[in-house]
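# Summary of the model geometry
Chain by chain, the residues run as shown.
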Amino acid sequence: MIKKILIANRGEIALRIMRSCREMGIKSVAVFSEADRTAMHVRYADEAYFIGPAASSESYLNIGKIIDTAIKCKADAIHPGYGFLSENAKFSARCEKEGIIFIGPRPFAIETMGDKLTARKSMIEAGVPVVPGTKGEIRDEKEAMRMMEEIGLPLMVKASAGGGGKGMRLVKEEKEFIPALNMAKSEARNAFGNDAVYIEKYIESPHHIEFQILADQHGNVIHLFERECSVQRRHQKVVEETPSPIMTPEVRKEMGEKAVAAAKAVDYQGAGTVEFIVDDKLNYYFLEMNTRLQVEHPITERVVGVDLVKEMVRIAQGEKLSYKQEDLFQHGHAIEVRIYAEDPDENFMPSPGVIRHLTEPLGLGVRHDGYVYEGYEIPMDYDPMISKLIVWGNTREEAISRLKRALYNYKITGVKTSIKFLERILDVPDFVEGKYNTHFIEKNADILMTPKKSVGEFEDIAVIAASFDFLSKVESLKDCKPKHVLGNNWKDFGRKKAVLRF
Ligand code: MV4
């Protein structure tokens, strides 16, 4: 049985994992870089070890340092979280070699799914639908031209080693094809040291829908239904929800079974996600598999009622899955938004800095997975995600109104955040009606990118003004008379009248 887990990560996900450890009576070990001396995951853990400079390559990506630390502190297992070493087959193999349990899949599954061509091949064999395209790598221009004629235009050139849109080219006209092929190849060679490319038919206005799966070491695999992740900006997810507004019970069952088949094909173990692109007619195609716990896992936890981290730990210590497929249902609706320290009105420029004031949203149906605190300085060395806000409602409408309320209650000063951008999304009719695909943000750019002060921002100004007023009068509070701040302008902003008294 696992008694101590080293968490090879930082930020909100390190805390998320430690919380489940504590509930399971397992000791948690933090590792931290120079830039993370004051980080919350260091405070929360039972033990914490310094592992190197701020640069990830010398700390959170340093396999030798992390393994040495795990041995030194006698950890039975390592949880890699997401990002960093989570999808590194060499790391999984190294853990195995050192007799440390890697909480995740074995190297073979990571390797097979990490390369898109081997993943495609393996999915075709397993009967999982893939986008019509080439079976293997494109080796020369003659073969390329032949495949273009077979598949037809528009098409996509994709790098086998690619991910997150890197090494990907859309080809609409014949004359663009060979240049696009060569550009994708050189981009892939530079970024991944592997220039293998292949081509696929272009799916015009797809949805990104993914299925959560869990697989134990005894051959049992279940799926925990879908997540709709089509609201993305530059291949970064912005909003995730479950159930998907476009899903039907029939297609859900079928796709779930295909996701299970995908996992079985690579002898999967642990928590994983099978990504599909889905067209308007609900034709679905395997895109890739993420062999890790994902950022957006909490919406599945809320709607299906399963602690995914707890299940990952149980699986890693050889236990059978706690659930059978028939036990699982979706209850209500959950939505997650990611809050970043970036300025939506300045082209999403990162905004690192010190958190001055922080009021986190609370209340019925609200989960807030964060890691920052007042006085904490967000380092510029890592991803600028501050937190995730996850809400639940009986219906999609209730979830949306709860999310609006929670964002309204969320106050952060000191850094710029994406909160107002998220509030704008929730007001876009296409979103409210659940009629959106991966083009949502570009399609609604006019509404979404227009800087305008919201009621919330005017209220922020009022709160700041009131605070100054309060501080300047704090010596003579006894004599204070009730008063209004910012005069009578509030009725112009509709929603509420602010009367701040002291
Ligand atoms: C596609 C596609 C259309 N047709 N493949 C983008 C990232 C990578 N994981 C795969 N991507 C896409 N592959 C074919 N054959 C459209 C996209 C795509 C996309 C997919 C999911 C979510 C957001 C996206 C945004 C732009 C393009």
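Heads up: the structure comes first, above all this text.
This report concerns the structure included in the present document. Keep in mind the model is a prediction, meaning the values are calculated, not measured.

### A short note on the sheet that holds strand E9 (residues 207-215)
Strand order in the open sheet made by the eight strands is E13-E12-E9-E10-E11-E14-E21-E19, with antiparallel pairing throughout. In this open sheet, the two edge strands, each paired with only one partner strand, are strand E13 (284-290) and strand E19 (366-370). Across the sheet, the axes of successive neighbouring strands diverge by a mean angle of 25°, strand direction being ignored. Inspection of the sheet shows E19 paired to strand E21 (residues 385-393) by five bridges, in the antiparallel sense. Its bridge partner being in E21, Asp369 is matched across the sheet by Lys388. Helix H9 (residues 249-265) contacts E9, strand E10 (221-233), strand E12 (270-278) and E13 of the sheet and is inclined by roughly 105° relative to E10.

### Overview of the side chain of Arg402
Tracing the backbone shows Arg402 in helix H12 (residues 396-409). Residue classification places Arg402 among the buried positions, given a relative accessible area of 13%. In terms of polar contacts, Arg402 uses its side chain to reach the backbone carbonyl oxygen of Leu364, at 3.2 Å.

### As for the nonpolar core
Core analysis: the biggest nonpolar cluster contains 64 residues, and Ile78 and Ile425 have the highest contact counts within it. Considering every element that reaches this core, the biggest residue donor is H12, with five residues. In this structure, Ile78 is in contact with Ile5, Leu6, Ala8, Ile66, Ile67, Ala70, Phe91, Cys95, Ile100, Ile101, Phe102 and Ile103, ignoring residues within four places of it in sequence. Core analysis: the next-biggest nonpolar cluster, separate from the first, contains 38 residues, Ala45, Tyr82, Leu293 and Val295 among them.

### Some points on the packing of helix H3 (residues 63-72) against helix H4 (residues 89-98)
Close contact between H3 and H4 brings their axes to 11 Å; oriented N to C, the two are set at 30°. With respect to each other, H3 and H4 are oriented roughly parallel. Crossing of H3 over H4 shows right-handed handedness. Residue-level contacts link Ile63, Gly64, Ile66, Ile67 and Ile71 of H3 to Phe91, Arg94, Cys95 and Glu98 of H4. By residue class, the composition of the contact of H3 with H4 is six nonpolar, one polar and two charged.

### Points about the pattern of salt bridges
Within this structure, the stated rule accounts for 36 salt bridges. Between Lys116 and Glu288 there is a salt bridge, with the nearest N and O atoms lying 3.8 Å from each other. Here Glu288 lies in strand E13 and Lys116 lies in helix H6 (residues 116-126), a separation of 172 residues in the sequence. For the pair Lys116 and Glu288, one class covers both residues: buried. For Glu301, the salt bridge goes to Arg367, with nearest N and O atoms at 2.9 Å.

### Notes on the site of the ligand
If you check the shell around the ligand, you find 16 residues, and the closest are Lys158, Glu200, Lys201, Ile203 and Glu288. Between the ligand and the protein, one listed contact pairs a nitrogen atom with a backbone N or O atom of Ile203 at 2.9 Å. Glu288 is positioned with one of its side-chain polar atoms (N or O) 3.1 Å from a nitrogen atom of the ligand. Alone, the ligand offers 520 Å² of accessible surface; in the complex the protein occludes 89% of this. Mapped onto the shell around the ligand, the elements with two or more residues apiece are strand E6 (155-159), strand E8 (197-201) and E13. Looking at the shell around the ligand, its residues break down into seven nonpolar, five polar and four charged. Structurally, the shell around the ligand is a two-domain feature, drawing no fewer than three residues from each of domain 2 (132-201) and domain 3 (204-322).

Cut-off values and rules
Residues numbered from 1 in each chain as written. Predicted model: local features only at pLDDT ≥ 70, side-chain atom pairs only at ≥ 80, totals over all residues. Heavy atoms only, no water. Pairing = 2+ DSSP bridges. Helix = DSSP H or I, 4+ residues; strand = E, 2+ residues; numbered from the N terminus. Axes fitted to C-alpha atoms, helices over the stretch in contact; angles between N-to-C directions. Contact = heavy atoms within 4.5 Å. Buried < 20%, exposed > 50% of the residue type's maximum accessible area, 1.4 Å probe, protein only. Polar contact = N/O pair within 3.5 Å; in protein donor to acceptor, adjacent residues only side chain to side chain. Core = buried A, V, L, I, M, F, W, Y, C linked by side-chain atoms within 4.5 Å. Parallel < 35°, antiparallel > 145°, perpendicular 65-115°, else oblique. Left-handed = near helix turned anticlockwise from the far one by under 90°. Nonpolar A, V, L, I, M, F, W, Y, C, P; charged D, E, K, R; others polar. Salt bridge = Lys/Arg side-chain N within 4 Å of Asp/Glu carboxyl O. Near = heavy atom within 4 Å. Areas by Shrake-Rupley, 256 points an atom, 1.4 Å probe, with all protein chains shown as cover. Domains from an automatic or database assignment.

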